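Chains, contacts and geometry: an overview
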Amino acid sequence: MTHPKVSIVTATWNRGKHLVPTLKSALQQDFQDFEIIVVGDGCTDDTEQVLQPYLSDRLRWINLPHNTGSQAFPNNAGIAAARGEYIAYLGHDDIWDKSHLNHLNVALHGNGAADFCVSGCISYGPLDSNFYRVTGFFERPDDPFVHFVPPSAIMHRRSAVKTSGMWRSPHRVRPPVDADFCLRAAHAGCGFVATGKATVHKFPAGFRYLSYMRQASTEQAEILRQMTYPGYQDQIARRLAAARASGQFMVSKHPDYAAVPPGELMKRTRMVRGIELPDLTALTGAAVISQSDENRGFDWLQREPGKPYRWSGPNPRPKILISHTAPGPVEFTLDLHAMLKDAKERFAVKINDQNVAVTVRPEPRVGHVATFVAHLLPDRHSVIELYAPLTTTNGKPRAIALGDIRLGPLPPRH
């Protein structure tokens, strides 16, 4: 393949087998005049071995010599290696509809004044959250300056980077690198056109607290299966309607980035995803983990001023990071300042993917407490996952309000 029409660039880092559903969604496109360039950001896992059966002149693998912590550098490497007239991006945990490239090609090819084309994108909340946020339906000239669109929904002429510039280092810019790339293109005078079709399924890691600690691709595989069902387009229409009804249609707007120090958003993003973690310490006695204010994706809402607790968010399986190790069993006590009815009746706990027996009892001091005994991992962070079915209160999906977490090693048995 000497000169494909489109070069698909997929930046990845240590996603291994979970990259396969994403690649399948690219390979099954109705529009087939493309090449795929998968660029590893210093991958150290089995990604190359997973890709081996797919490698050809049409699907190439490049691995950067060291991890840069951002898609910016892999995307630049992909553009440099591209042979196509157009560059399309596909996030390593996103899925394209079969018609995606065809709609982009028709829209961009049919508008000689446009350099960028965007498609409609459905971002999915965590499993069973029934949350959908939609972007990419540009209709007004100022939309490229106002609305964020993820890279998986973007295709641009390869020549456009001569005008707008390549992707920039996250350490040098205030916005996220993808927002910076598109905003610079808009301010440089690049024309934007939209397909008006929802052809991207995005599973934002920013919605999924600690998602990089335990990666999965079940949601992506399920979307691929749904594409084969007769009622697939009806499902898409219902999700778009749900986003409109819940006020989540075209609301992903660029904030004022001026007050954000360069590189700060990259640091926050890595913490939400579980790439950067607090120091691991040995648990030698009783300890208390109090609620703090950092972003925890859709697992926990922001702490209300002056309150010692945080409400769980749209994720019915909110997670708790434990930065301790211990050689033996540990007793946990969770202060539950509020516990809505459905959550109280069906509350359950896992730690490091293992179910544990939990007791919930009234406690006048806080409302309820949940206690359980479990083992921590000996050499890395542990993750507690609560199951708390959601109830909508005051228009917000909530289940529990979590306060202090008290933990301590149990004395050895004699």
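Residues numbered from 1 in each chain as written. Predicted model: local features only at pLDDT ≥ 70, side-chain atom pairs only at ≥ 80, totals over all residues. Heavy atoms only, no water.

The next point concerns the pattern of salt bridges. For the coordinates displayed, the defined rule picks out 23 salt bridges. A salt bridge links Asp180 to Arg168, with the shortest nitrogen-to-oxygen separation between them at 2.8 Å. Here Arg168 lies in the loop between α6 (161-164) and α7 (177-187) and Asp180 lies in helix α7, a separation of 12 residues in the sequence. The exposure class of Asp180 is buried, given its relative accessible area of 4%. Here Arg303 and Asp293 are joined by a salt bridge, their closest N and O atoms 2.9 Å apart. With Arg303 in the loop between β11 (287-289) and β12 (310-311) and Asp293 in the loop between β11 and β12, this pair connects stretches of sequence that are 10 residues apart. Residue Arg303 is classed as partly exposed on the basis of its relative accessible area, which comes to 26%. Take Asp293: its relative accessible area is 44%, and that puts it in the partly exposed class. (Salt bridge = Lys/Arg side-chain N within 4 Å of Asp/Glu carboxyl O. Helix = DSSP H or I, 4+ residues; strand = E, 2+ residues; numbered from the N terminus. Buried < 20%, exposed > 50% of the residue type's maximum accessible area, 1.4 Å probe, protein only.)

Here is a general trend for soluble globular proteins: nonpolar side chains tend to be buried in one another's company. With 72 residues, the main nonpolar core has Val6, Ile8 and Leu101 as its most contacted residues. Among the elements that take part in this core, strand β6 (residues 116-124) stands out by supplying 6 residues, more than any other. Beyond its immediate chain neighbours, meaning those up to four positions away, Leu101 contacts Val6, Ile8, Gln29, Phe31, Phe34, Ala88, Trp96 and Met155. Counting residues in each nonpolar core, the second largest holds 28 residues, with Ala326, Met339, Leu386 and Leu402 among its members. (Core = buried A, V, L, I, M, F, W, Y, C linked by side-chain atoms within 4.5 Å. Contact = heavy atoms within 4.5 Å.)

Right, let's get into the environment of Glu85. Here Glu85 shows up in the loop between α3 (72-81) and β4 (86-89). Excluding residues within four positions of it along the chain, Glu85 makes contact with Pro4, Lys5, His156, Arg157 and Arg158.

As a further point, take the sheet that holds strand β13 (residues 319-322). As a general point, the strands of a sheet are linked pairwise by backbone hydrogen bonds and lie either parallel or antiparallel. Strand order in this open sheet of 4 strands is β13-β20-β16-β17, and the pairing throughout is antiparallel. The strands lining the two open edges of the sheet, one partner per strand, are β13 and β17 (354-356). Taking each pair of neighbouring strands and ignoring which way they run, the sheet shows an average axis angle of 30 degrees. For strand β16 (residues 348-351) and strand β20 (residues 382-387), the ladder comprises 4 bridges, and the chain directions are antiparallel. Across the sheet, Lys350 pairs through a bridge with Glu385, a residue of β20. (Pairing = 2+ DSSP bridges. Axes fitted to C-alpha atoms, helices over the stretch in contact; angles between N-to-C directions.)

Unlike most non-glycine residues, Asn14 shows phi in positive territory, near 50 degrees. Structurally, Asn14 is set in the loop between β1 (6-12) and α1 (20-27). Of note in this structure, Asn352 is not a glycine but carries a positive phi near 50 degrees. Residue placement: Asn352 occurs in the loop between β16 and β17. Judged by relative accessible area, Asn352 falls into the buried class, the value being 13%.

Time to look at the layout of surface pockets. Of the pockets and cavities examined, the second largest pocket occupies roughly 730 Å³. Around the second largest pocket, the lining is made up of 27 residues, and of these Arg214, Ala216, Glu219, Lys319 and Glu385 lie nearest the centre. For the lining of the second largest pocket, the elements supplying multiple residues, two or more each, are α8 (218-226) and β20. Class assignment for the residues of the lining of the second largest pocket results in 10 nonpolar, 7 polar and 10 charged. (1 Å grid on protein atoms, 1.4 Å probe; cavity = no way out; pocket = protein on both sides within 12 Å on 5 of 7 lines; lining within 4 Å. Points joined across faces, edges and corners; volume = space filled by probe spheres on them. Nonpolar A, V, L, I, M, F, W, Y, C, P; charged D, E, K, R; others polar.)

Following the criterion strictly, the structure yields 14 aromatic pairs and no others. Their ring planes at 20 degrees and their centres at 5.0 Å tell us that Tyr124 and Phe203 sit as a pair that is stacked. One end of the pair, Tyr124, is in strand β6; the other, Phe203, is in the loop between β9 (192-202) and α8, and 79 residues separate them in sequence. Since its relative accessible area comes to 7%, Tyr124 is described here as buried. Relative accessible area serves as the criterion here: at 4%, Phe203 is assigned to the buried category. With 4.4 Å between their ring centres and 10 degrees between their planes, Trp167 and Phe181 make a pair best called stacked. Within this pair, whereas Trp167 is found in the loop between α6 and α7, its partner Phe181 is found in helix α7, the two being separated by 14 residues in sequence. For the pair Trp167 and Phe181, a shared accessibility class is recorded, and that class is buried. Among the aromatic residues, those joined into a cluster by ring pairs are Tyr89, Phe116, Phe138, Trp167, Phe181 and Phe192. The cationic tip of Arg244 hangs over the ring face of Phe249; the distance from NZ or CZ to the ring centre is 3.7 Å. (Phe/Tyr/Trp six-rings, centres within 6.5 Å; stacked < 30°, edge-to-face > 60°. Lys NZ or Arg CZ within 6 Å of the ring centre and 35° of its normal.)

It is worth stressing that arrangement in space is one thing and function is another; only the former is reported here.
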